[in-house]
Amino acid sequence: MSAPNTPPSREYLKPPVTEVGVLGWLRTNLFNTWYNSLLTVSVMLILLQVVPPFFSWAFIDSVWNTPSEACRDIDGACWSVIPQNISFILFGFFPDGEQWRPGSAMLLLLGLVFYSKNSKHWKKSLGVYWLIGLVVMGTLMYGGVFGMQVVETAQWSGLPLTFMLSFFGMVAAYPLGVVLALGRQSRMPAIKTLCVVYIEMIRGVPLISLLFMSSIMFPLFLPEGVTIDKVLRAQVAIILFTAAYIAEVVRGGLQAMPRGQFEAADSLGLNYNQTMRLIILPQALKIVIPPSLGILLSAFKDTSLVVIIALYDVLKTTKVTLSNPKWTAYSTEAYIFLAVLYFICCYAMSSYSRKLEKTLHTGR
Amino acid sequence: MKKDPSIATDTELLPSAVPAWRDPAKRAIVFQVAALLLVAAVSYYLYSNTQSNLERQSIATGFGFLDMEAGFEIGESVVEYSAADSYADALLVGALNTIKVSFIGVILTIILGTVVGVARLSSNWLISKLAAGYIEVMQNIPVLLQLFFWYAIFYESFPSPRQALNPFEGVFLCNRGLIFGVPESHAVHGTMAWAFVAALAIGWLLNRWGRRRQAETGQIFPAVRVTLALGIVLPLLAWVFAGSPTAMDIPELRGFNFTGGVTVSPEFSALLLGLVFYTAAFVAEIVRAGIQSVSRGQVEAAMAVGLRPGQVLHLVILPQALRVIIPPLTSQMLNLTKNSSLAIAIGYADFVAVTNTTINQTGQAIEGVALIMLIYLSFSLSTSLFMNWYNKKMALVER
Amino acid sequence: MRLSRLTVLVIILSLLAAGVAFAGKDLDAVKKKGFIQAGVNGGVFGFGMPDSKGVWKGLDVDTARAFAAAIFGDASKVKFTPLTAQQRFTALQSGEIDVLTRNATRTLSRETQLGLNFVTVNYYDGQGFMIAKKLGVKSAKDLDGATVCVLPGTTTEQNAADYFRSNNMKWNPVVIESTSELAKTFFAGRCDVLTSDASQLAGTRAVAPNPNDYAIMPEIISKEPLAPAVRHGDDQFRDIVDFAVLAMINAEEMGITSKNVDAKLKSKDPMVQRFLGVIEGNGKSLGLDEKWAYNIIKQVGNYGEIFERNVGVNTTLGIERGLNALWTNGGLMYSPPFK
């Protein structure tokens, strides 16, 4: 086609300016077809309508830390509702002046979570660290030693309560869920039926009905004169609820086990317990780590429902703050703050779960 | 098993030769009986405690309260209801309200979820990123918080009835909701409904016939389009024959509120929007995964055999994608129905909210909670039964 | 391995045990555990609500403190359990709380069917209506067709239904669980009318963006005597709770306040001496320390003081004494003799 001396000159031929750089990127990603161009332009127009007013409401016309009186005359957001009430929103009834304790317990939890993120640290020692960490956190919260004032569990509220309900909900529900999953796979008809009925029943009803049960029905189940703490009852309801969902996730893991694993275990002469404990569960549970994190995530979001039975989780403390006449008018700001708080926690969990899924997947 | 292998005969291996506690079959029976006994004992213990507690606190038991007068009003209802009706009527109103919001919610969620899921896969960077942002934000904020948010937006940003927005003739938008005119009730409306049903039936028959003909001759019959046309033409014919009544029931501001027309309340809208926006984020991910599960080769192969794009979608992509989509979609639809119980927090009179008021007035918590569980279980079970049937059908079509 | 499992089991069991409580006869049980557990509202400003530091404030809260002062001589020996409207009676019946001070209306059916004993009323209330002035409605009889904001599941909702039915009017309820959300909804114009106990209407109006835009209508459609309650079965405990409320009223009648109570100890008046336990007898009859009434007044205050502190004209709520004034001032607060 061309003379043999052309190849060197080809190196100097740059692609047209519309194909590279900003313009090229725009062309391939935003304006590649006529309807994409139309979509891009109309979306941009809508964004222009929405974003600038929101921006000036949230950042330009807003106030950040003033008494509520200063909020009456401004057009923007009154973020002051958060810093002015921050200790009650985050820590609820925890006594004033002692709030460094739940604060540092939360930081400790955060540290442990970050440490556990790295799958290189998944060893026996990790369990020991968690156990120590939990004891330290418990001591920080409850007090009674090193001159710390005793703080009853009834006063644990706000963010620590939210974390506690979801974390213990998950930890305690896991063994129960595994047992239920094994029961559902069992060859014993009575056990299987019991487990299936339990799992399907719990999964069929909303969490709110279980919370109602714990708060207004459960006291009737106990003998006269015996009462169980309100928070503990809600905790049990969350555990029972979460266990049914974990059971289904674990069942997925069990079903993913190749038949050969069972047969190999049988041929080694292992009994049921040994087969499950040594062969099946370690592999099955590894597969289901990412979906289990998904359940932890929804348990975390679902704890916000305890607001309906008057437990002081972080949503309830916010709502109580908003019942104060001074701050009633600024619920939007408070809800946005909470939404951001929840989003940070949930997003961290979900993106971690996705990352884990990828690394575990390539491992197999 | 320390036995001399030399004397291991067939009779030795019979179950009777194994000690009872080592026999898996017998052990299983003992184990099951023990488990059942345990469950029965615990139930009996709780039951007897409950009995004595109820007696001591002189709380009435049984469902006798259902016949008593409820004595409270309900904001919105699909059927006629007033405070003079019984608790059973009130609960029915609540159940219908739950069904209403769930049904409309499911339909809108599937539509929005599909749109966002497809947008997530769009080649347009802006659209794709917006969809991704939407999915992340919605999935990671508790739905209860979102409901509070939507409700606040509804009643705060719309004007009062006297300053109601009136974008079209007969349509009003204010903080009492969306109010719009509907045709005045006329005898022909029933006939039109029947005409529509008849169109669907004819369409079904045509579809069967078309398939048979296609199997025999290879000619394709556009059954869907014909059915759609029939569905419009037949009711229209009925309407014209009845003298085309055009009288409208236009809402009018009288006293405090609009009378006439149909009102969509802010509570209903907030609940609907909250549930739809939240659940659609999950549905979008499901749809995306479903579409991505169909390998590129399938599409190329379909085009290679000469199918048109519509046919590629209809005959190749959808049947395979739906098989991946349907099971998780089912559980999301059930989640939406269950989450509709959060209505109580923003004042929509769903089943839980009505039951809650009933419990409060009668003190009969056990019956109330049992009713809530029963009704949601029946929703869940009927949905799963339907979906199982549908799944089986899809699976058969595929193989 | 085995040890760690055992440890875990022990930890779990002790956690569970921490939440389980066994109660005996009410007064003995309260004395044994060293504090009184009171059920309160948790979300009604002026009656029972934590402040921004998590300290409980309100008329009902102070009433509960008076019980602690009477029994233990220390008003701080009380713990509060916030309860929703439907949890409140179950919580009392099951023994989760010892006394309910959560603006509960005393009614015949609650007293008999729920097995509760209400004591002396600590706040006389009645249900009313609040409306935006610009709607130009003067009387509740003109509310036909109105949209009404109301808290669900309370006597309020039923009263409203009864009122509209008996006056042959149509209405459209908007029910929202939380008081603050309800107020917000009303001010945004979602409803024409807000109905609630008059005390709460006053409080709600006080926090309106512009209080002068709203008017409380003259009609009061119900009687709401709000009283503390205990469960059936321990009459001595009931007497203590009853007379703790009465002691605050009696102190106001006698002009004894938290400021002058120490000086009054030296009073020559035998009625005052008997009341404050200088002349012994009352305490022994109730099974309490002779200083019980002194402790209430010294640590919590008399009825007038707790009223003015929490809901009175100088607070955000700005409620007049009205029915809650002493009988000598035309109200209903009346105490039997303390002898």
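Residues numbered from 1 in each chain as written. Chains lettered and ligands numbered in written order. Predicted model: local features only at pLDDT ≥ 70, side-chain atom pairs only at ≥ 80, totals over all residues.

Asks: Quick question: what am I supposed to make of the overall build of chain A here?
Replies: Scanning chain A from terminus to terminus reveals 15 helices and one strand. Whereas a compact globule of 364 residues would reach a radius of gyration of roughly 21 Å, chain A reaches 28 Å, over 25% beyond that. The principal-axis extent of the C-alpha atoms belonging to chain A is close to 95 × 75 × 45 Å. Here chain A holds 364 residues, and 36% of them are scored as buried. Put simply, of all contacts in chain A between residues at least 6 apart along the chain, 66% involve residues at least 24 apart. (Helix = DSSP H or I, 4+ residues; strand = E, 2+ residues; numbered from the N terminus. Rg over C-alpha atoms; globule rule 2.2 N^0.38 Å. Buried ≥ 20, exposed ≤ 12 C-beta atoms within 10 Å, placed from the backbone. Contact = placed C-beta atoms within 7 Å.)

Asks: Help me understand the overall build of chain B in this model?
Replies: Helix and strand content of chain B: twelve helices and seven strands. Against the globule reference of 21 Å for 399 residues, chain B gives a C-alpha radius of gyration of 29 Å, more extended than a compact globule. C-alpha extents for chain B along the principal axes are approximately 100 × 75 × 45 Å. Relative to its 399 residues, chain B shows a buried fraction of 32%. Relative to all contacts within chain B whose residues are 6 or more apart in sequence, the contacts with residues 24 or more apart total 66%.

Asks: Looking at this structure, how should I read the interface of chain C and chain A?
Replies: Many descriptions give the size of an interface as the accessible area lost when the pieces come together. Between chain C and chain A, the residue contacts involve 35 residues of the former and 32 residues of the latter. For the side of chain C that touches chain A, the secondary-structure elements that each account for two or more residues are helix H1 (2–19), strand E1 (20–22), strand E3 (49–50), strand E5 (78–82), helix H4 (87–94) and helix H7 (179–187) of chain C. With four residues, H7 of chain C is the single largest residue contributor to the side of chain C that touches chain A. Considered class by class, the residues forming the side of chain C that touches chain A number 14 nonpolar, 17 polar and four charged. (Nonpolar A, V, L, I, M, F, W, Y, C, P; charged D, E, K, R; others polar.)

Asks: Explanation requested: the nonpolar core in the structure shown.
Replies: As a rule of thumb, nonpolar side chains are buried together in soluble globular proteins. Core analysis: the largest hydrophobic core is formed by 258 residues, its most contacted members being Leu-211 of chain A, Leu-147 of chain B together with Phe-67 and Ile-296 of chain C. Residue contacts for Ile-296 of chain C: discarding those within four places in its chain leaves Ala-66, Ala-69, Ala-70, Ala-244, Ala-247 and Met-248 of chain C. (Core = buried A, V, L, I, M, F, W, Y, C linked by C-beta atoms within 7 Å.)

Asks: Would you explain the confidence of the model for chain B in this entry?
Replies: Low-pLDDT portions of the prediction should not be read for the details of their coordinates. All names here are of chain B. On average, residues of chain B score 82 in pLDDT, and 93% of them are at 70 or above. Mean pLDDT in chain B bottoms out at helix H1 (residues 10–13), which sits at 48, and peaks at helix H3 (residues 87–120), which reaches 92. Note that residues 1–13 has pLDDT below 50 and, in this model, three contacts with residues that lie over four places away or in other chains. ipTM for the predicted complex: 0.82, alongside a pTM of 0.82. (pLDDT = per-residue confidence, 0-100.)

Asks: I keep staring at the environment of Tyr-214 of chain C and nothing clicks. Help me out?
Replies: All names here are of chain C. Considering the arrangement of structural elements, one finds Tyr-214 in strand E13 (residues 214–216). Tyr-214 sits 83 residues away from Ile-131 along the chain, and the two C-alpha atoms are 5.6 Å apart. Here Tyr-214 is in contact with Met-130, Ile-131, Ala-132, Lys-133, Arg-205 and Ala-208, once residues within four sequence places are set aside.

Asks: Help me out: how do you make sense of the environment of Met-333 of chain B in this one?
Replies: Residues and elements named next belong to chain B. On the secondary structure map, Met-333 appears in helix H10 (residues 309–339). Separated by 50 residues in the primary sequence, Met-333 and Thr-383 have C-alpha atoms spaced 8.8 Å apart. Setting aside its immediate chain neighbours within four residues, Met-333 contacts Val-106 and Thr-383.

Asks: Looking at this structure, how should I read helix H9 (residues 235–254) of chain C?
Replies: An α-helical segment advances 3.6 residues per turn. Residues three or four places apart therefore align on the same side. All names here are of chain C. Look at H9: 27 Å from first C-alpha to last across 20 residues, which is about the 28 Å you get at 1.5 Å a residue. Within H9, 15 of the 20 residues are buried, leaving the element largely enclosed by the surrounding structure. Residue Gly-255 follows H9 closely and has a positive phi angle near 75°. (Expected span 1.5 Å × (residues − 1).)

Asks: I would appreciate a short explanation of the packing of helix H11 (residues 259–267) of chain A against helix H12 (residues 272–287) of chain A in the present structure.
Replies: How two helices pack is summed up by the angle between their axes together with the distance between the axes. All names here are of chain A. Two numbers describe how H11 lies on H12: the axes approach to 10 Å, and their chain directions differ by 135°. One finds that H11 runs oblique with respect to H12. Pair H11 / H12 crosses with right-handed handedness. Residues Gln-261, Phe-262 and Ala-265 of H11 touch H12, and the partners they reach there are Thr-275, Ile-279 and Ile-280. Grouping the constituent residues of the contact of H11 with H12 by class yields four nonpolar, two polar and no charged. (Axes fitted to C-alpha atoms, helices over the stretch in contact; angles between N-to-C directions. Parallel < 35°, antiparallel > 145°, perpendicular 65-115°, else oblique. Left-handed = near helix turned anticlockwise from the far one by under 90°.)

Asks: Mind showing me how you'd approach the interface of chain A and chain B here?
Replies: Listed as interface residues are 41 residues of chain A and, on the opposing side, 47 residues of chain B. Elements supplying a minimum of two residues to the side of chain A that touches chain B: helix H3 (34–60), helix H8 (189–204), helix H9 (207–221) and helix H15 (331–363) of chain A. When residues in the side of chain A that touches chain B are grouped by element, the largest group, ten residues, is from H15 of chain A. Classifying every residue of the side of chain A that touches chain B by side-chain character gives 29 nonpolar, ten polar and two charged.

Asks: Explanation requested: the domain arrangement of chain B in the structure shown.
Replies: We note that the domain assignment places domain 1 (5–56) and domain 2 (87–157 + 266–398) within chain B. Using only C-alpha atoms to locate each centre, domain 1 of chain B and domain 2 of chain B end up separated by 43 Å. (Domains from an automatic or database assignment.)

Asks: Which parts of the structure should I look at to understand the pairing of E5 of chain C?
Replies: Within a regular beta strand, the side chains point alternately toward one face of the sheet and then the other, so they alternate between its two faces. Residue and element names in this part refer to chain C. Most of E5 sits inside the fold, with four of its five residues counted as buried. Where strand E2 (residues 36–40) lies against E5, five bridges are found, and the strand directions are parallel. Looking at E5, one finds that Val-40 is bridged to Pro-82. (Pairing = 2+ DSSP bridges.)

Asks: I would appreciate a short explanation of the confidence of the model for chain A in the present structure.
Replies: In this model, chain A carries a mean pLDDT of 81, and residues with pLDDT of at least 70 account for 93%. Summarising per-element confidence for chain A, the mean pLDDT is lowest in helix H1 (residues 7–10) of chain A (53) and highest in H8 of chain A (89).

Asks: How should the sheet that holds strand E11 (residues 171–175) of chain C be read in this particular structure?
Replies: Within a sheet, neighbouring strands are paired by backbone hydrogen bonds and run either parallel or antiparallel to one another. Residues and elements named next belong to chain C. Pairing is mixed in the open sheet, where five strands are placed in the order E11-E10-E12-E9-E13. On the outer flanks of this sheet lie E11 and E13, each paired with one strand and no other. Strand-to-strand twist of the sheet, defined as the mean angle between neighbouring strand axes without regard to direction, takes the value 30°. Pairing between strand E10 (residues 146–150) and strand E12 (residues 193–197): two bridges, direction parallel. Residue pairing across strands places Cys-149 opposite Leu-194, the latter belonging to E12. Lying over the sheet, helix H6 (residues 155–166) contacts strand E9 (127–132), E10, E11 and E12, oriented at roughly 160° with respect to E10. Contacting E9, E12 and E13, helix H8 (residues 198–206) runs over the sheet at an angle of about 130° to E12.

Asks: Hey, could you run me through the pairing of E11 of chain C in this one?
Replies: Residue and element names in this part refer to chain C. The element E11 is largely enclosed, with a buried count of five among its five residues. Burial along E11 is two-sided: Trp-171, Pro-173 and Val-175 facing one way and Asn-172 and Val-174 facing the other are all buried. Of the strand pairs in this sheet, E10 and E11 are connected by five bridges, and their pairing is parallel. When the sheet's bridge partners are listed, Val-148 is paired in E11 with Pro-173.

Asks: I'm lost on the sheet that holds strand E1 (residues 171–174) of chain B in this one. Help?
Replies: All names here are of chain B. In space, the three strands of this open sheet follow the order E1-E2-E7, with antiparallel pairing throughout. Strand pairing shows two members of the sheet lacking a second neighbour, E1 and strand E7 (262–264), which therefore form its edges. Adjacent strand axes in the sheet meet at a mean angle of 15°, parallel and antiparallel pairs treated alike. Alignment of E1 against strand E2 (residues 177–180), held across four bridges, turns out to be antiparallel. Bridge pairing in E2 links Phe-172 to Ile-179.

Asks: When you look at unusual backbone geometry in this model, what are you seeing that I'm missing?
Replies: Note: most residues except glycine have negative phi, and most peptide bonds are trans. Notably, Asn-168 of chain C is not glycine yet its phi reads approximately 60°, a positive angle. Tracing the backbone shows Asn-168 of chain C in the loop between H6 and E11.

Asks: Would you take a moment to explain the environment of Asp-213 of chain C for this structure?
Replies: All names here are of chain C. Counting through the fold element by element, Asp-213 comes out in the loop between H8 and E13. Overall, Asp-213 belongs to the partly exposed group, with 13 C-beta atoms counted inside 10 Å. Residues contacting Asp-213, with those up to four places away along its chain left out, are Ala-132, Lys-133, Lys-134 and Ala-208.

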